[in-house]
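# Structural overview for review
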Amino acid sequence: MSALKDSAIYLVGEIFSKIFPFLLVPYLSRKLGVEGYGELSYYQTYIALFIVLFSMAQEGAVTRYFYFYGKNSLNLIVNTGYSYTLTISTIFLIINLCFFKSTILLYAILAAVFEIFVTVQLTIRQCQKKAIEYTTIKILSGVISVLITIFMLEFFKTDLVKKRILAILVTNILIFLISYTLYKNEIKNKKFSFYHYKKALLYLLNLGFPMIFHHMSFYIKGQVDRIFIYHKFSEVDLGLYAMGANLATVLMVLINAVNKATLPYYYEGIKLNRITIKRVHRWFFLSLIFPFIVSMIAFLIPENIIVWILGHQFVGTKYYIVIFVFSIGLAVPYAILVNYLFYYGKNKIIAFCSIASTIIYLLGLVGLTFTKIEYVPYASVLAAITILPFLFFMTKKVNIDKD
């Protein structure tokens with residue numbers, strides 16, 4: 001019952017934290033237009049890339065440390081991760097200052113840094129099963145983001161895409177300051193030696209480096225298509241494509257909420273032998289019907305409702321929503337298998353799967369960009385489907401090896 005209760009709290013938090021940004025979509029679509037929305041989507045790919053490069057999968061390191069070693073020295077891992085992020089991001093800031101001199105890239109780099117900081121704070125709440133505090137931070141983030149964005153876009157009349165990126169940066173800074181203030185009051189062990197920080201860094205690099213490939217895979221499959229489209233097709237095409245993809249991510253929000261809430265209990269069940277490999281595989285096969293159900297629901301939504309919400313410039317968005325919803329729906333069977341591998345620390349296997357899936361995706365993406373824009377989304381479906389059989393086989397192998 002505790003898992004169901006936490007799932008409900010996380011789900012409510014994720015929904016409410018996204019309701020305000022979701023309601024912001026019609027505002028942005030009318031304020032920026034389809035071309036401006038395409039440009040915004042293009043620069044958001046940089047934020048996503050910087051997050052992968054700067055984070056070294058810190059949230060995963062924090063989670064594993066908490067469950068394997070406890071919370072007494074958790075702050076050592078948190079501080080080391082933050083220091084790593086600041087060091088790497090500073091190098092990128094210097095490169096931008098010396099060569100590109102781009103203000104919008106400056107905002108994107110800093111926005112990524114503080115988003116990583118916030119994500120770590122949220123991970124700590126998840127580990128401690130503080131669902132209400134986690135949810136409060138998420139909701140507050142959504143509300144503040146909307147308010148600052150509207151203020152920026154109404155107060156300024158030019159460079160609106162840049163102002164939206166700035167609004168994201170300011171929001172991330174405020175949310176981090178709030179969440180870290182609450183966190184630091186609970187820190188027990190605050191002083192560590194250089195030796196401890198060195199060990200923590202090695203722990204972070206050892207665990208996080210293989211996961212760069214895993215997260216880079218998600219970045220490529222979730223963002224790099226915008227770059228291809230931006231240079232191959234028009235900004236209008238990118239605007240429609242990006243809008244469909246962004247609206248479809250509402251489903252990913254729901255999936256992530258349930259995954260975050262159930263993951264501690266999933267790990268606990270495996271540890272206590274209540275969740276066996278047979279049960280994991282049974283859940284996997286049952287979940288394969290999920291993408292078909294959610295894509296059919298998306299298909300049944302009348303397009304005139306979508307156009308009424310977004311504006312007449314976004315006719316044709318529904319087509320992309322249906323395909324992306326199906327692709328995102330495949331994240332459920334994927335998560336069931338990959339979380340099992342995460343528990344046993346099979347990061348290299350996960351990284352290999354991610355690389356293989358990314359190669360398949362890139363080959364599909366490159367090939368499909370030489371056809372029509374309408375075929376490009378199928379690259380994500382192809383990559384998601386082809387990797388599942390291999391993950392299934394590896395979970396079976398890991399179970400045999402541990403016995």
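Residues numbered from 1 in each chain as written. Predicted model: local features only at pLDDT ≥ 70, side-chain atom pairs only at ≥ 80, totals over all residues. Heavy atoms only, no water.

### So, the environment of A57
With respect to the helices and strands, A57 occurs in the loop between α1 (2-55) and α2 (58-69). Here A57 falls in the buried class, since its relative accessible area comes to 7%. Not counting residues within four places of it along the chain, the set of residues in contact with A57 comprises G208, M211 and H215. (Helix = DSSP H or I, 4+ residues; strand = E, 2+ residues; numbered from the N terminus. Buried < 20%, exposed > 50% of the residue type's maximum accessible area, 1.4 Å probe, protein only. Contact = heavy atoms within 4.5 Å.)

### Side note on the side chain of R125
In this fold, R125 is placed in helix α4 (residues 103-127). At 2.8 Å, the side chain of R125 and the side chain of E133 are in polar contact. Reaching out from R125, the side chain makes a polar contact with the backbone oxygen of S179 at a distance of 2.9 Å. (Polar contact = N/O pair within 3.5 Å; in protein donor to acceptor, adjacent residues only side chain to side chain.)

### Side note on the confidence of the model for the protein chain
Scored by pLDDT, the protein chain has a mean of 88; 95% of the residues are at 70 or more. Here α1 stands out as the least confident element of the protein chain, with mean pLDDT 82; helix α10 (residues 290-299) is the most confident, with 96. (pLDDT = per-residue confidence, 0-100.)

### Observations concerning the packing of aromatic side chains
The full count for this structure, using the stated rule, is 35 aromatic pairs. Aromatic side chains Y82 and F117 sit 4.2 Å apart centroid to centroid with 50 degrees between the ring planes, which places their arrangement in the tilted category. Here F117 lies in helix α4 and Y82 lies in helix α3 (residues 74-100), a separation of 35 residues in the sequence. Looking at F117, the relative accessible area reads 5%, which means it is buried. Between the aromatic rings of F192 and Y197, the centroid separation amounts to 6.0 Å while the plane-to-plane angle is 80 degrees, which identifies the pairing as edge-to-face. By relative accessible area, F192 is classed as buried at 16%. With a relative accessible area of 29%, Y197 lands in the partly exposed category. Through pairs of rings, three or more aromatic residues link up here, namely Y42, Y43, Y46, F50, F54, F92 and Y230. (Phe/Tyr/Trp six-rings, centres within 6.5 Å; stacked < 30°, edge-to-face > 60°.)

### Notes on the nonpolar core
In this structure, F54, V78, Y266 and V280 are the most contacted members of the largest nonpolar core, which totals 130 residues. Per-element accounting of this core gives the leading share, 16 residues, to α4. When near neighbours in sequence (up to four residues on either side) are disregarded, Y266 contacts I275, V280, W283, I336, N339 and Y340. (Core = buried A, V, L, I, M, F, W, Y, C linked by side-chain atoms within 4.5 Å.)

### Quick look at empty space enclosed by the protein
As enumerated under the stated definition, the model contains one cavity of 30 Å³ or more in all. Counted as a void, the largest cavity has a volume near 30 Å³. Lining the largest cavity we find I124, R125, Q128, K130, E133, Y183 and E186. Grouping the amino acids of the lining of the largest cavity by side-chain chemistry returns two nonpolar, one polar and four charged. (1 Å grid on protein atoms, 1.4 Å probe; cavity = no way out; pocket = protein on both sides within 12 Å on 5 of 7 lines; lining within 4 Å. Points joined across faces, edges and corners; volume = space filled by probe spheres on them. Nonpolar A, V, L, I, M, F, W, Y, C, P; charged D, E, K, R; others polar.)

### A closer look at the packing of helix α8 (residues 235-271) against helix α13 (residues 331-343)
Contact geometry for α8 and α13: axes closest at 10 Å, N-to-C directions at 35 degrees. As α8 packs across α13, the resulting crossing turns out to be right-handed. Facing M252, I255, N259, L263, Y266, Y267, I270 and K271 of α8, the residues of α13 in contact are A331, V332, A335, I336, N339, Y340, F342 and Y343. For the contact of α8 with α13, the per-class residue count stands at 13 nonpolar, two polar and one charged. (Axes fitted to C-alpha atoms, helices over the stretch in contact; angles between N-to-C directions. Left-handed = near helix turned anticlockwise from the far one by under 90°.)

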